[in-house]
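Examining the three-dimensional arrangement
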Amino acid sequence: MHGDGLPEASRVQQELKELAKVAEGDLKDAGSREKIEATRVHFLGKKGLVSKILRQMGDLPAAERPSIGLVANEVRDRIEALIDEGIARLENAQRDLVLLESIDVTLPGRRQRMGAKHPLTQTIEKIQDVLKGLGFDLAFGPEIEHDFYNFEALNVPAHHPAREMQDTFYVDRDVMLRTHTSPVQIRGMLALKEPPMRIASVGRVYRRDQDVTHSPVFHQVEGLFVDDKVTFADLKGTLASFVSQVFSPTARIRLRPSYFPFTEPSAEVDMSCFACDGQGCRLCKNTGFIEILGAGMIDPEVFKAVNLDPEKVSGFAFGIGVERVAMLKYGISDIRLFYENDLRFLEQF
Ligand code: PHE
C-alpha cells in the first residue's frame, strides 16, 4: 500500500515493534501509578495504538494475518510485563519510604554487652598458667577411661576398699567415666617412659555425688613430677609456690597426713584462710586454714605399673578440685551456680 518497499505485513510488524520500544521508554521513567495507567490505555486500551494497528489487519490478505497476530501478541505481552515491572518498582520505592520514616535515626543505639570467660574457665586458666610457669607440661586424656588407667595402675585393684572413695559411673565392667585426672598421669608416664616427667593434667571428671558442694561432673587439675631424686621437700616447695601464685602472695600452706592409694606418704594440703589470713573466721570455721589439695609421694606400686623402677626414681603428685578453688576464691556457696548459665551470676566475673 505504502511506498516504503516493504511488503505490507512486514511493515505492520515493524510498526508494532516500534510501539513496544516507545512504550518501554515511556514506562521506564513513569513516576506514578497514574502515568503507568495512562501508558497502558495509550498502547493497550480499546482505542490504543496496538489495537488500532490490529484493526487495520482486516485490510490485509488473510495469509499474512497470522504472522502479524503473532508479533502483536508478543508486543502486548512485552508491554504488559513492562507495566508490571513499573508497578513493582513504584511499590518498592513506596515501602522503602515507609521504612525510612519508621526508623528513628535519632534514637540512641543498643549497647552490645561484652562477654567474659566463665569463672571456672578463668580458674582453670590461672592454675594452668601457674603450673606451666613451674615447668609442667599440659596433658589431656579421655573422659571415658579404662579400669587399668583409672584404678588398677593407680594401686586400686578390683575389690580394693579404696574404690569406695570414688563413687564411679560405670559404662561396663572395665570401662567408666574417669573419677579423677590421675589416669592421665598413668598415660603420660607410659608415653614418656624416661624421667624427668613434669605433667599437668586438666579436665572434667565424674562421680556419683551431688549436693551444694559436689557435682556429678566437675574439674580437676593435677601435677606430677618424676625424677631420680625428688623429695617431699620438693613437693612442699612446689605447693607453697603454687598456692601463693594462684591465691595470694601471703597464702601459707599446712600439710596433714592423709591417705591415697597412689601416694605414700600422702597429705591433705590446707592454705591459710584468705578471708582472715589465718586469724580464724566463719569461712575457715575458726581454724585459720582451708583444705584445698590432695598430694603425696608417688607409691612404688604405681611406678611398677608404668614400668619404672621405684628404686631408681621418685616423684610427687598433687590434685586440686577446680570448682572448690573457684568457690573459695569468689565466695560462692552453691556449686550448681557454675552450671546454670544464669547471666546474672556469670556477669559478676
Ligand atoms: N586423684 C585424687 C582424687 O581425685 C587427688 C590426688 C591427686 C591426690 C594426686 C594425691 C595426688 O581424689
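Please read these numbers as outputs of a predicted model, since none were measured by experiment.

This part takes up the overall build of the protein chain. The number of helices and strands found in the protein chain is 11 helices and 10 strands. Relative to a compact globule of 349 residues, whose C-alpha radius of gyration would be 20 Å, the protein chain shows 42 Å and is clearly more extended. The principal-axis extent of the C-alpha atoms belonging to the protein chain is close to 125 × 50 × 35 Å. Of all 349 residues assigned to the protein chain, the portion counted as buried reaches 41%. The long-range fraction of contacts in the protein chain, counting pairs at least 24 apart against all pairs at least 6 apart in sequence, stands at 66%. Accessible surface for the protein chain amounts to roughly 20,000 Å². Of this, 53% is attributable to carbon and sulfur atoms. Of note, the protein chain has its 44 positive side-chain charges centred 4 Å away from the centre of its 52 negative side-chain charges.

The next subject is the pairing of strand 9 (residues 289-298). For strand 9, the buried fraction is high: 8 of the 10 residues fall into the buried class. Bridge count for strand 8 (residues 263-272) against strand 9 is 8 bridges, and the pairing is antiparallel. The residue bridging D270 from the neighbouring strand is E291, located in strand 9. Two elements, strand 9 and strand 10 (residues 314-321), share 5 bridges in a ladder whose sense is antiparallel. Along strand 10, the bridge assignment pairs G296 with A317.

Criteria and thresholds
- Residues numbered from 1 in each chain as written.
- Predicted model: local features only at pLDDT ≥ 70, side-chain atom pairs only at ≥ 80, totals over all residues.
- Heavy atoms only, no water.
- Helix = DSSP H or I, 4+ residues; strand = E, 2+ residues; numbered from the N terminus.
- Rg over C-alpha atoms; globule rule 2.2 N^0.38 Å.
- Buried < 20%, exposed > 50% of the residue type's maximum accessible area, 1.4 Å probe, protein only.
- Contact = heavy atoms within 4.5 Å.
- Areas by Shrake-Rupley, 256 points an atom, 1.4 Å probe, with all protein chains shown as cover.
- Lys, Arg positive; Asp, Glu negative; His and termini not counted.
- Charge placed at Lys NZ, Arg CZ, Asp CG, Glu CD.
- Pairing = 2+ DSSP bridges.

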